[in-house]
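Summary of structural features
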Amino acid sequence: MSPNLLRLLSLLMIFISLSITSSLSTPSPADSPPYLWPLPAEFSFGNETLSVDPALTLIIAGNGGGSPIVRAAFERYMGIIFKHASGRASSLLARIRFLRMVEYDITSLKIVVHSDSEELQLGVDESYTLMVSKKNEQSIVGAATIEANTVYGALRGLETFSQLCAFDYLTKSVQIYKAPWYIQDKPRFGYRGLLIDTSRHYLPIDVIKQIIESMSFAKLNVLHWHIVDEQSFPFETPTYPNLWKGAYSRWERYTVEDASEIVRFAKMRGINVMAEVDVPGHAESWGTGYPDLWPSLSCREPLDVTKNFTFDVISGILADMRKIFPFELFHLGGDEVNTDCWKNTTHVKEWLQGRNFTTKDAYKYFVLRAQQIAISKNWTPVNWEETFSSFGKDLDPRTVIQNWLVSDICQKAVAKGFRCIFSNQGYWYLDHLDVPWDKVYNTEPLNGIEDPSLQKLVIGGEVCMWGETADTSVVLQTIWPRAAAAAERMWSTREAVSKGNITLTALPRLHYFRCLLNNRGVPAAPVDNFYARRPPSGPGSCYAQ
Amino acid sequence: MRGRGAKIAGVLPLFMLFIAGTISAFEDIERLRIWPLPAQVSHGGRRMYLSGDFKLVTEGTKYGDTSGILKEGFDRMLSIVRLSHVISGDWNSSGSGGSALLQGLHVIISSSTDELEYGADESYKLVVPSPEKPSYAQLEAKSVYGALHGLQTFSQLCHFNLKKKVIEILMTPWNITDQPRFSYRGLLIDTSRHYLPLPVIKNVIDSMTYAKLNVLHWHIVDTQSFPLEIPSYPKLWNGAYSSSQRYTFEDAAEIVNYAQRRGIHVLAEIDVPGHALSWGKGYPALWPSKNCQEPLDVSNDFTFKVIDGILSDFSKIFKFKFVHLGGDEVNTTCWSATPRIAQWLKKHRMSEGEAYQYFVLRAQKIALSHGYEIINWEETFINFGSKLNSKTVVHNWLNTGLVENVTASGLRCIVSNQENWYLDHIDAPWQGFYANEPLKNITDKKQQSLVLGGEVCMWGEHIDASDIEQTIWPRAAAAAERLWTPYAKLAKNPNKVTTRLAHFRCLLNRRGVAAAPLVGGGRVVPLEPGSCLAQ
């Protein structure tokens, strides 16, 4: 049914090349291990193959073991691990095995959580230990054990456990290869973020949940929600109910309850949600509901710096959002502020003259006043780097600077004692489609920062999925698999991600992880295409594209 | 934070279409925002709310639902209706005195069976009362599968009320009587060029139900890979891309079961004798020779034993009355080029063309012996149409005018003409999908009745788990309306339905389906910021 000769010819070419590389393109977890992503800090493994009971039981221990977060995660991962009908407890095959008293090597998963606190904050302990071994003299029951200080560490351990489990098509059961496993793991950075942008394109709740779920597979832990921008204001703000008139349509909105549900859903997966209200630029859509926020009807951005009303609205938004977003960081934007409108609008110009302000002074005044509002609501402000480059010495010392523009800005910010988030646009802007995975992978947030005490001020990094050309139809395949490359950079040890030839040390694992995402229903794009989110170049194995 | 200064500028193309629509009688029907458009609809102008414990009631029904198909369908309907926002409103205070409150849906099904039979009645009648009337909506159907279609329509009547934060139905009372125009409304997926994981196939099936498509044509195997387990010939799936890009027999049974519970038939295809190179990875004897590997060896009885084994295994899980035997694009040069087969041809006094016919007809007989009726691609009809078994359905893809010839000869036909209904032609816009009329130039009633329907084809050369949904949707929906809605109600100019289709595309997005923008061909990416409804 292929319509034309040309295509047939190109297909033929691909067969030929495929048959040459077919031995390379069929990795099995039984071959060179470990197919884990991101790579754990420390691990050792053996040479045994263990079978996993489809009726795997959860045994909990420790003060926090009884957390519903642990129980719900266990149920989720059971669905992921046993997704083939034949491997499931309810399947006929499994029942026959049971009648024949087939013994499985791993019959239970023990999860020990020491702390009963479920508070999820920046720097929460995400470390865990995972052991998988067969029944022997030392352990009476064949089991897997995850031990963690917090439930969030246990979640990371469960993810790793699920990556050890592979469906074996010959025995039609789930197996763990290369056991016994001993894994001791913790993240290199406490902040491992992904930005989504719901102003340029509205993303439905279900899609945001798909994104959050997929983040947990790569152990990312902060969803940076760039809610509002100049194009649309999709968010309900009870204190200023006209603001969401700036939404694209009545269907493209989030209620307060929707936002709370997203925060709850994320927390169940160990992911913080950092909300952003980008001021004073990138805020034109605010004025659809409250035109007073515009300098004038014909000059609408940045927000009118002269009016107390502007700051009342910011304070109202932040008060409403404080009830929804418990994360200690709150993003106030502050980037790309073009102050021409202030210069060109009579009443603003007069106000500037009255205070003897340049437009730059007014920009600083605006950002600092917004910072104080956030701080009064017990938030730590995050601002884009222009605020630091323009008036760094005046920023509140608690400010976290988010890099995007200049490659050495984190170096400069930490030298001044500020904390910093690395998001260099040349590498970690996912909307830049011409950045292939290896460039993403090789970007080091600590480059040029040698002093360990300064290194600590780099709290992590973030990949940014700006939404100008990414809606529901393409957002996940633009994020994945490249976000995974950054995720390993931020999770694994610096030695592990910096040494050797990544074509050998990382690429086969990334291929494998991309197919794992596909198998879990996440539409991660081919790894090998130079441009992101392009379709596969021809027929072939997932593991070879 | 952005490298470029994007501004809202050019949603112009679509706006132009909207304007064009308003000028020429923006029909009431287009404002209904139901896709595909039902056969008959009337409505009022009142608002009702869904109760927070909206119930399924089945008093007076003949259908026992021991399989739970109706209950599950109802629960799925409710969860997709509630998917787009958290329902936090107090529904009891939503109506004036509770009279505007819908307590539930009363479903009455007159057939007691839930066997999914091809051609069975898919009609339904849906009544949503006005606020003054009894507090249950009513759904009547002959079979549970008709009721599932009714549930889909009901889900499209439901909207989230942003003030009260409950689900509402506008324009009540509703009176909808509906049935499909064609009994075969298909979508092809191709798991040989790229393996599609189980959750991806299930997502495709779910999305099909939203557009009331009812046949998943599973092109399982092709030249590139053989991913399915065949118990009778256990080495066949050695032809899979890798040890993990496979479907167990149980996986296939699960897909069939998953689809059946949603009213969708699964049409399995093995494409013989061409498009079968991957078979020989496990059984090299199926190749003419090591260096000439396609089509399957016509001279070897083993070839037909393997086909018999496959179809015997198929008959245990693929319960649809049809099986697809392919038969397209057969390049027979390998047969003459292989001395052993050349000799066999000579002995049997067969040309290559005759051997092709011999192969297809013998495969047809095997399928018939397993109780299947056969579907073959159109080349079989073009080359030896008069020899095909009378139970053959000819599947069009290549030639215009084929449907006329096939039905004139008395055979049945499925329409998939590539220029309009091949989804892998990404330069084909949705308007072409919408305008493609299966009965074009066929006036004779008897001939018309031989056109079972049509199918959009998602060939997999450039399609994997990462781009399948946005390549299928929304264009498949345009074809789905063509196949469902009465001819007289279809827009003569596809652009008249743009607004309604844009709404359906956004509805798919809200349900987590990655349907692409409308502006452009297939799988287009939004060019700039904007509303889902305007792109």
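Residue positions are counted from 1 within each chain, in the order its sequence is given. Both sets of labels track the order of writing: A upward for chains, 1 upward for ligands. Where local features are concerned, this predicted model is filtered to residues with pLDDT of at least 70; where side-chain atom pairs are given and counted, the filter is 80 or more; whole-chain, interface and lining totals use all residues. Hydrogens are left out, water is left out, and the side-chain values use all remaining heavy atoms of the structure.

Description of the overall build of chain A
Counting from the N terminus, the helices are the DSSP runs of H or I reaching at least four residues and the strands are the DSSP runs of E reaching at least two. Regarding its fold elements, chain A presents 21 helices and 16 strands. Every one of the 545 residues in chain A was classed for burial, and the buried ones make up 64%. In chain A, once contacts between residues fewer than 6 apart in sequence are set aside, the share between residues at least 24 apart is 74%. Using a 1.4 Å probe, the Shrake-Rupley method yields the accessible areas, and only the shown protein chains count as cover for residues. Accessible surface, chain A as shown: approximately 19500 Å² in total, 54% of it carbon and sulfur. Note on classification: 1.4 Å probe, protein chains only; a residue is buried when its accessible area is under 20% of the maximum for its type, exposed when over 50%, partly exposed between these limits. The contact criterion used is simple: two residues touch if any of their non-hydrogen atoms lie within 4.5 Å.

A look at the side chain of A:Arg489
Residues and elements named next belong to chain A. Positionally, Arg489 belongs in helix H18 (residues 482-491). Using a relative accessible area of 3% as the deciding quantity, one classes Arg489 as buried. Here a polar contact is recorded for every N or O atom pair within 3.5 Å, except that within protein the pair must consist of a potential hydrogen donor and a potential acceptor, and residues adjacent in sequence are included only if both atoms are side-chain atoms. Within the structure, the side chain of Arg489 is placed 3.2 Å from the backbone oxygen of Val497, a separation counted as a polar contact. Residue contacts for Arg489: discarding those within four places in its chain leaves Arg188, Phe189, Trp428, Tyr441, Asn442, Thr443, Glu444, Pro445, Val497 and Ser498.

Concerning H18(A)
Each turn of an α-helix holds 3.6 residues, which means side chains three or four residues apart point in the same direction. Along H18(A), ten of the ten residues are buried, which leaves the element largely enclosed by surrounding structure. Within H18(A) the residues assigned to the buried category are A:Arg482, A:Ala483, A:Ala484, A:Ala485, A:Ala486, A:Ala487, A:Glu488, A:Arg489, A:Met490 and A:Trp491.

Some words on the state of the cysteines
All names here are of chain A. Any pair of cysteine sulfurs within 2.5 Å is marked as a disulfide. Tallied over the full model, the rule gives five disulfides over all chains. Here Cys410 engages in a disulfide with Cys420; their sulfurs sit 2.0 Å apart. Looking along the S-S bond of the Cys410-Cys420 disulfide, the torsion reads about -75°, which is the left-handed sense. With Cys410 in helix H13 (residues 409-415) and Cys420 in strand E15 (residues 419-422), this residue pair connects regions lying ten residues apart in the sequence. With respect to burial, Cys410 and Cys420 carry one shared label: buried. The disulfide bridge from Cys515 ends at Cys542, spanning 2.2 Å between sulfur atoms. Its S-S torsion of about -120° marks the bond between Cys515 and Cys542 as left-handed, since a negative value means left-handed. With Cys515 in helix H21 (residues 507-519) and Cys542 in the segment after H21, this pair connects stretches of sequence that are 27 residues apart.

Describing the interface of chain B and chain A
Between chain B and chain A, the residue contacts involve 84 residues of the former and 87 residues of the latter. Both sides together, the interface formed by chain B and chain A hides about 6300 Å², and carbon and sulfur atoms give 54% of it. In what follows, salt bridge is the name for a side-chain nitrogen of Lys or Arg lying within 4 Å of a carboxyl oxygen of Asp or Glu. The interface formed by chain B and chain A includes seven salt bridges. In this structure, A:Arg250 and B:Glu168 form a salt bridge, with 3.8 Å as the shortest nitrogen-oxygen distance. Listing elements by their share of the side of chain B that touches chain A, those giving two or more residues are strand E5 (158-161), helix H4 (198-210), helix H5 (249-260) and helix H17 (498-510) of chain B. Summed over both partners, buried area is the accessible surface (1.4 Å probe) that two parts give up on being assembled.

Let's talk about the pattern of salt bridges
When charged atoms on two side chains of opposite charge get close, those side chains can pair. Under the defined criterion, the tally for this structure stands at 47 salt bridges over all chains. Each of A:Arg188, A:Glu444, A:Arg489 and A:Arg494 takes part in one network of salt bridges that share partners.

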